[in-house]
Each structure stands twice: as C-alpha cells, then as structure tokens.
Amino acid sequence: MLDHGSALLSRTDPVLAELLDDEVARQRTTLAMVASASVAHPSVLAAAGSALSNVTAEGYPGARYHPGAVWFDEIERLAVERAKSAFGARYANVQPHSCSSANISVLTSLLAPGGVLLGLDLDSGGHLTHGSAASMTGHHFTAVHYGLDEAGLIDYDAAAELARAHRPTVIIAGASAYPRTIDFQRFRAIADSVGAYLVADISHIAGLVVTGEHPSPIDLAHITTTSTYKQLGGPRGGLILMGREHDTPGPDGRSTLAQLMQRGVFPRSQGTPDPAAIAAKARALGLVVQPEFKQAARRIVDNAQALAAALSAAGHQVLTDGTDNHMVLLDLLGRGMSGVVAERALEECGILANRNRIPGDTRPPLVTSGLRLGTNILAQRGMGASEMAHCARLLDKVLTATSPVSDTRYRLPREVRDQVRAAVAQLCAAFPLPCHDPSAVPAETRRVL
Ligand SMILES: *Cc1c(COP(=O)(O)O)cnc(C)c1O
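Procedures and definitions
Residues numbered from 1 in each chain as written. Predicted model: local features only at pLDDT ≥ 70, side-chain atom pairs only at ≥ 80, totals over all residues. Heavy atoms only, no water. Helix = DSSP H or I, 4+ residues; strand = E, 2+ residues; numbered from the N terminus. Rg over C-alpha atoms; globule rule 2.2 N^0.38 Å. Contact = heavy atoms within 4.5 Å. Core = buried A, V, L, I, M, F, W, Y, C linked by side-chain atoms within 4.5 Å. Buried < 20%, exposed > 50% of the residue type's maximum accessible area, 1.4 Å probe, protein only. Domains from an automatic or database assignment. Pairing = 2+ DSSP bridges. Axes fitted to C-alpha atoms, helices over the stretch in contact; angles between N-to-C directions. Phe/Tyr/Trp six-rings, centres within 6.5 Å; stacked < 30°, edge-to-face > 60°. Lys NZ or Arg CZ within 6 Å of the ring centre and 35° of its normal. Expected span 1.5 Å × (residues − 1). Arc of directions from axis to C-beta.

What follows covers the overall build of the chain. Within the chain one finds 16 helices and 17 strands. A globule of 449 residues ought to have a C-alpha radius of gyration of about 22 Å, and the chain, at 22 Å, matches this closely. Projected onto the principal axes, the alpha-carbon positions of the chain cover approximately 70 × 55 × 35 Å. Excluding contacts between residues fewer than 6 apart, the proportion of contacts in the chain whose partners are at least 24 apart in sequence is 71%.

Let us now look at the nonpolar core. Residues Phe87, Ile171, Phe187 and Leu241 are the most contacted members of the largest nonpolar core, which totals 63 residues. The greatest single-element share of this core, amounting to seven residues, is contributed by helix H11 (residues 275-287). Each of domain 1 (51-287) and domain 2 (291-445) gives at least three residues to this core. Discounting residues that sit within four places of it in the chain, phenylalanine 87 has contacts with Ile202, Ala206, Val209, Val210, Ile218, Leu232, Leu239, Leu241 and Leu285.

Burial of strand E5 (residues 116-120) is extensive: five of the five residues sit out of reach of the surface. Two strands pair when backbone bridges link them, and E5 and strand E6 (residues 142-146) are joined in this way by five bridges, in the parallel orientation. Bridging across to E6, valine 116 finds its partner in threonine 142. Here E5 runs beside strand E7 (residues 170-174); their pairing, made up of two bridges, is parallel.

Moving on: the sheet that holds strand E14 (residues 354-356). A sheet is described by the order of its strands in space; here four strands give the open sequence E11-E12-E15-E14, paired in antiparallel fashion. The sheet terminates laterally at strand E11 (317-318) and E14, the two strands that pair on one side only. Bridge count for E14 against strand E15 (residues 370-374) is three bridges, and the pairing is antiparallel. Bridge pairing in E15 places asparagine 354 opposite arginine 372. Here helix H13 (residues 339-348) sits on the sheet in contact with E14 and E15, set at roughly 45° to E15.

Counted by the stated rule, this structure contains three aromatic pairs. An angle of 45° between the planes, with centres 5.4 Å apart, marks the rings of tyrosine 146 and phenylalanine 187 as tilted. Of this pair, tyrosine 146 sits in strand E6 while phenylalanine 187 is found in helix H8 (residues 184-194), placing the two residues 41 residues apart along the sequence. When sorted by exposure, tyrosine 146 lands in the same class as phenylalanine 187, which is buried. Grouping aromatic residues by their ring pairs yields a cluster made of Tyr146, Tyr156 and Phe187. The ring of tyrosine 229 carries the charged tip of arginine 236 above its face, separated from the ring centre by 3.6 Å.

What follows is about helix H2 (residues 14-29). The terminal C-alpha atoms of H2, which comprises 16 residues, lie 22 Å apart, in line with the 22 Å expected from a rise of 1.5 Å per residue. Burial in H2 covers these residues: Ala17, Val24 and Arg28. The arc enclosing the buried residues of H2, seen along the axis, measures out at 40°, which places them on a common side. Across from the buried face of H2, at angles greater than 90 degrees, the exposed residues are Val15, Glu18 and Leu19.

Read these as spatial facts, not as claims about activity.
Structure follows, in structure tokens:
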C-alpha cells in the first residue's frame, strides 16, 4: 500500500516527489552529527506512513470516544507493552506528540498554576520546557534553576540548596546539551529531602538508557519522559514512563500518578492521538531491544569519546574535557568564532552539527559561542574509532580554515571546502545509512526511506 502511494506520488505530484527524493539523497551523502537526531529504520517510516493515520479516535484502548478503533486499540496496546518491556517500566503512555507535549502533560498534572519547579538552566544545557522564560512552563509556573560547577558538571549541591530554599513540587533532571552521566540517584535524594516529585527527561539519552549504557531513571524518578526520534530511531513523538512509583499518590492525594498521567495527556493537554506515529513507536520499540541496537549504542559512546579525545588533541576546547554519552560540546570562544559560523562552514562541506549556547555565553541564541556534536548517526552507519579520527581531522580542517568576518559571516577557502566535501562523500559511501541500500529498493519507493 505504501509502495502504491509512493508510485502515485511520483506520477501525480512529481514536484513534491522529487523534493522528497532530494532529501533522501541529502541524508545519504551528508555526515550528520546533530546530537538530537537518529535515523529511523525504513520499517518505522513505513508504519508512520501507514493508513492507520486515517483513524480518528480520542481516548485510550477499550475506552475510545469514536468507533473504528479495533485495530488501533491492538496497536496502541502493543506499543505500550513494548515501551514497558524495553525500559523495564510499569506504566507507559505512548500518545504524547513530542517530548515537549509529554513534559507539559506531566507538569500541568503535578503543578498548580504558579507552582514551583526546579530544573537545569537553559544556558547550562537544560531544555525550554524545564521552566525557561521563553516557554509556557516558565510563565505558568514559578521556575527556579540550578546550573553547573566550575568543571562544567551539574552542581548537585547548589541544586539541593535551591530545593531547600524554594521547596519545589517538581524537580526535573535531564538536559539537551550535557555530555556527562546524570546522577538520578542523587536527584532522587534531593527530591526526597523536600518531598518533591522527580521527573527525569531522557529525551537525548533514551537509547543509552534502554541498552544500559547510561543508568536508568525509571525506578528512581517518579515520572520519566522522552522523545522517540532523538536516539530511539523512532517517529516524531514522545513517551511518558513510570517504574515503581506508578501507584504513588499524586498531589491531590487521591489519584495515583498513573491515573493522573492518563488524564494529563488526554484530555488535559492533547486531543486525538496520532495512530500511525503510535504504530511507528511500536516498531521502533521492537527494534531497540535487538542486539544490533545494543551494539550501536555501545558504538555511540565509544565514538563520542574517541571524537572528543581527537578534537581535544587537535587543540579544540571540549567542554568537561570529554563525554560519557553521545555528545561532544565545543567551546569556540577561544577561536573568536560564533556557533553559527562554525555550523554554516561545516554545512557547506557536508558536515552537520548545530550551534549551541555554552555556559556564560553572551551571544544571542541564534548565534551562540558553542558547537554541539553527536555520534548517533555515525554509529548507526557502522563507523568506529578510526572513522572518528578521520571525522575529527575533517572537523579540525574546516574550523581551522574558517576565518570569521563577523558573528554571522566568514571566509572559507574553496579548495578546503572541495577537499572536505570529497572526503565526506567517500566516507558516506563507505558507511551507508543502515538498511538503506538504494540498489535493494525499487526507485519509486526510495523517498520513503
Ligand atoms: C529535545 C528535548 C525535548 C523536546 O522534545 P521534542 O520532542 O522536540 O518536543 C525535551 N527535553 C529535552 C531534554 C530535550 O532535549
């Protein structure tokens, strides 16, 4: 059916079809080091593009507000069971449209308007939905933020101090730009010391958590949230998970946290679920328990450590001097280069890594003074330590050859660009996207890969 749709798309809308084919080609031929991305298996994309998308049904399996959900009910139950089994959880909600939606469902369920939450500061690597002023979570709640210590590590003592001073109802542990292991046990002790609920947001590290490469918060936090596409190879979407605290009473003292979260997603903060995305989550959650995913997760961490070491040896400023996860953060202040200049110069050469604010950054959010690199997709492509040394040389070559003219403009010699582009093309050809061999697939279905 999907193949039929693909063929129809080619025939009836060649303009769109060609753009989608161009996108596939771009993904094949660029060295993607965006830390918040992974590549979805073609079978995940097939589920996401399936006719289940035509089902409109509010509510949960067995308790829908619309008819026609007989197979969707089965599929959502399957996704919930697979989520629980993959993460060792006792409760899973697979309906959140994103991790931001998941966080809003959680926070609006636990906090009254004006209620106090404690989370990691945005500039220290936190996420917008952890109480940033730019997010509704910073408007509707009273947000207090902890940060990093001198070494760039989470300042747990300061977090404990802030908890004592502000008595938050919710403490959030989790980050978008933090290269080190998060001590969920320590956070739980801080939460217990003030009677707060601990919410772990593992959006970035869910693939490492599911494979045991990072300690799991499932039984330590009261509630865990994640995105499904950043490291799980799933569709756009989020999950809410709970371990042994699933039947702990919520703030009202009557409902359990599980009951609270069922209502917290629908009807409190979302309407109809996205059935095809839920099918794709079920497929991705089936893949993350396979040995191949475990091997890739191990490679993600090994590669990030190799990349950090090689960049450091080449004289680049690596925040915290290394990494425990998939992420390497570069401080560009010493080079007099902004994050956006680094990002654009690299993109011109076929390498993708995003600008990122760093602690003490004075440049605006669209400019920044840092660069965030990630190894999820490099590991998925099967690259290992020697390729990381190669990648580090390419990164170094571009960053060294780039002369900033201002915070947003730069000069890069054409011969450097051409040499790096050729090297990137070679590397990508030698390490194709997993299961995306173009010769194995009829032309008209390529765009869904
Ligand atoms: C990316 C991210 C989110 C938001 O995820 P979306 O699925 O993009 O809404 C939430 N929390 C953290 C820590 C993130 O890194």
